[in-house]
Amino acid sequence: MKAFKPHLQGLPSYPYKKVEAPIKLDQNESPYDLPAELKQRVLERLQNLQFNRYPHLHAEDVRERLSAHLGWPMEGLVVSPGSNLLIQALALAAGQVLDTAPSFPHYALSAKLADTPYRAISLGPGFDLPTGALLKAMEAEPGVLFLPNPHAPTARLFAEEDLRLLAEKAAQTGWLLVLDEAYHQFSGTDYSPLARANPNVAILRTFSKAWGLGGIRAGYLLASPEVASVVQNFVPPFGLPAHTAQILLTVLEAPGYVQGIVQSLLAEREKLFRALQQHPTWQVYPSQTNFLLIRTPDAAAAYSGLLRQGILVRRQDHYPGLEGCIRVSLGTPQENQRFLQAAFALTEVPHA
Ligand SMILES: *Cc1c(COP(=O)(O)O)cnc(C)c1O
């Protein structure tokens, strides 16, 4: 197609394929839907919503609430339908993109889509942050460094000292360090104070995981007013749908339910981790997220063996350094129990 820019030819697409299974542990979603009374409140709000009217230009209603909820100035907040859109915006705006490998695939895809120079530095042994190499890479022309913390897909949390070094370097060199806190409720960490103290740091958050709103599509950026206004320009006007806004306003009025869900998922994580440590052929990695990364002798066999037993997980063995790995999201206690049974049964039945 000659109408399009040449770099768009043969662009890889997001690595996801929909598969149906009774137990779905493949997308790091919350296993719990929104509590019934909140859903009821949402429905009442939608009943009163005028569908013929445009929503706010830049989600001012949601940003005002969010600003109060987080204690973050509204001018430094961008809300969009999914944080993935904000990643795309940042990759489009960036002079270059710096990433770790393996990493959340949307950073690399967004850089390619934007035709922004891209470089990834491999994690060290034990998935350690390659701090020295990242600092060195930040001596080149400034750009955006995407860093999920806790990290995906490795599930580990990086040391505060290393993040401080990267943040200082960003301030000296003009880079923007974007800490993607998609999973921060599961690590109990919050680097927004670092971003508050340093305008070369920004924070990405999502409603898709701990908030249990994966289907709603909403995420946000916490940044300096200067960074936020550039990113805001990439979100189309009236870009956050009115119904999404009503749902967000409702949960921001009653955010207390999240803590209970996080607590129960953390207890499940501990239980699953301990149980999997007894697995004869699998190696489970410590997790600070709502998923477990597991190294198996053969990811394809583990994936299909689990699927035969009704359990859908995600293969991760296409990533460099993650040979044999699968990823399993934390489910309900019943789902996790079924997963464990299936995981241990696998070793008893040799696969064809
Ligand atoms: C799940 C996830 C997101 C969320 O993306 P949304 O578009 O908000 O659903 C962002 N970053 C990482 C690392 C994730 O795992």
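Residues numbered from 1 in each chain as written. Predicted model: local features only at pLDDT ≥ 70, side-chain atom pairs only at ≥ 80, totals over all residues. Heavy atoms only, no water.

(A) Here's a closer look at the environment of Leu123. Along the chain, Leu123 turns up in the loop between β4 (118-122) and α5 (131-137). The buried category is assigned to Leu123, whose relative accessible area is 12%. Contact partners of Leu123, with chain neighbours within four places excluded, come to Thr100, Ala101, Pro102, Asp128, Leu129, Pro130, His151, Thr154 and Phe158. (Helix = DSSP H or I, 4+ residues; strand = E, 2+ residues; numbered from the N terminus. Buried < 20%, exposed > 50% of the residue type's maximum accessible area, 1.4 Å probe, protein only. Contact = heavy atoms within 4.5 Å.)

(B) Molecular detail of the pairing of strand β7 (residues 201-206). Extensive coverage of β7 is indicated by the burial of six of its six residues. Residues Val201, Ile203 and Arg205 point to one face of β7 and Ala202, Leu204 and Thr206 to the other, with burial holding for every one of them. With four bridges connecting them, strand β6 (residues 176-180) and β7 associate as parallel partners. Residue pairing across strands places Asp180 opposite Leu204, the latter belonging to β7. (Pairing = 2+ DSSP bridges.)

(C) Representation of the sheet that holds strand β3 (residues 97-101) in the model. Ordered by their spatial adjacency, seven strands build an open sheet running β2-β8-β7-β6-β5-β3-β4, and the pairing between neighbours is mixed. On the outer flanks of this sheet lie β2 (77-80) and β4, each paired with one strand and no other. Across the sheet, the axes of successive neighbouring strands diverge by a mean angle of 20°, strand direction being ignored. (Axes fitted to C-alpha atoms, helices over the stretch in contact; angles between N-to-C directions.)

(D) Representation of the pattern of salt bridges within the structure. Taken as a whole and assessed by the stated rule, the structure comprises 15 salt bridges. Here Lys169 and Glu139 are joined by a salt bridge, their closest N and O atoms 2.8 Å apart. One end of the pair, Lys169, is in helix α6 (residues 160-173); the other, Glu139, is in the loop between α5 and β5 (144-148), and 30 residues separate them in sequence. Look at Glu139 and you get exposed, because its relative accessible area is 53%. Between Glu181 and Arg205 there is a salt bridge, with its nearest N and O atoms 2.8 Å apart. A residue pair is termed long-range when its members are at least 10 positions apart, and Glu181 in the loop between β6 and α7 (192-197) and Arg205 in strand β7 qualify at 24 residues. Exposure remark for Arg205: the relative accessible area of 4% places this residue in the buried category. Bridged by salt links that share partners, the residues Lys24, Asp26 and Glu29 form one connected network. (Salt bridge = Lys/Arg side-chain N within 4 Å of Asp/Glu carboxyl O.)

(E) Up close: the pairing of strand β13 (residues 325-329). Of all five residues in β13, five are buried; the element is thus mostly enclosed. The side-chain alternation of β13 yields two buried faces, one formed by Cys325, Arg327 and Ser329 and the other by Ile326 and Val328. As defined by bridge partners, strand β12 (residues 314-315) adjoins β13 across two bridges and the pair is classed as antiparallel. Directly across from Arg314, in β13, lies its bridge partner Arg327.

(F) Inspection of the sheet that holds strand β9 (residues 283-284) at higher detail. Pairing is antiparallel in the open sheet, where four strands are placed in the order β9-β10-β13-β12. This sheet does not close on itself; its edge strands, each paired only once, are β9 and β12. Along the sheet face, helix α10 (residues 257-276) touches β9 and β10 (291-295) and points at about 10° away from the line of β10. Those strands touched by helix α11 (residues 299-308) are β12 and β13, and its axis lies near 35° from that of β13.

(G) Up close: the site of the ligand. Inspection of the region around the ligand gives Gly82, Ser83, Asn84, Phe104, Tyr107, Asp180, Ala182, Tyr183, Thr206, Ser208, Lys209 and Arg217 as its neighbouring residues. At 2.6 Å, a side-chain N or O of Tyr183 approaches an oxygen atom of the ligand. Between the ligand and Thr206 there is a distance of 2.6 Å, counted from an oxygen atom to a side-chain nitrogen or oxygen. Across the complex, the protein chains shield 93% of the 390 Å² of accessible surface that the ligand would expose by itself. Partitioned by chemical class, the residues of the shell around the ligand number four nonpolar, five polar and three charged. (Near = heavy atom within 4 Å. Polar contact = N/O pair within 3.5 Å; in protein donor to acceptor, adjacent residues only side chain to side chain. Areas by Shrake-Rupley, 256 points an atom, 1.4 Å probe, with all protein chains shown as cover. Nonpolar A, V, L, I, M, F, W, Y, C, P; charged D, E, K, R; others polar.)

(H) Representation of unusual backbone geometry in the model. Residue Pro102 is bonded to the preceding Ala101 through a cis peptide linkage, with omega at 0°. Residues Asn149 and Pro150 are joined by a peptide bond in cis, for which omega reads 0°. Relative to the helices and strands, Pro150 is located in the loop between β5 and α6. The residue Ala155 is not glycine, and still its phi comes out positive at about 75°.

(I) Up close: the domain arrangement of the protein. Domain assignment breaks the protein into domain 1 (6-30 + 257-345) and domain 2 (49-253). The straight-line distance from the C-alpha centre of domain 1 to that of domain 2 is 24 Å. The interface is formed by 31 residues belonging to domain 1 together with 29 residues belonging to domain 2. In total, about 2,400 Å² of surface goes out of reach between domain 1 and domain 2, with carbon and sulfur atoms giving 70% of it. By the criterion of area lost to domain 2, the three top residues of domain 1 are Tyr14, Tyr257 and Gln288, representing 23% of everything that side buries. Here domain 1 and domain 2 share zero salt bridges between them. Where domain 1 meets domain 2, there are six residue pairs in polar contact (both at pLDDT 80 or more). Of all the secondary-structure elements, those providing two or more residues to the side of domain 1 that touches domain 2 are α10 and β10. Here the side of domain 1 that touches domain 2 takes six residues from α10, the largest share from any one element. (Domains from an automatic or database assignment. Buried area = accessible area lost by both parts, 1.4 Å probe.)

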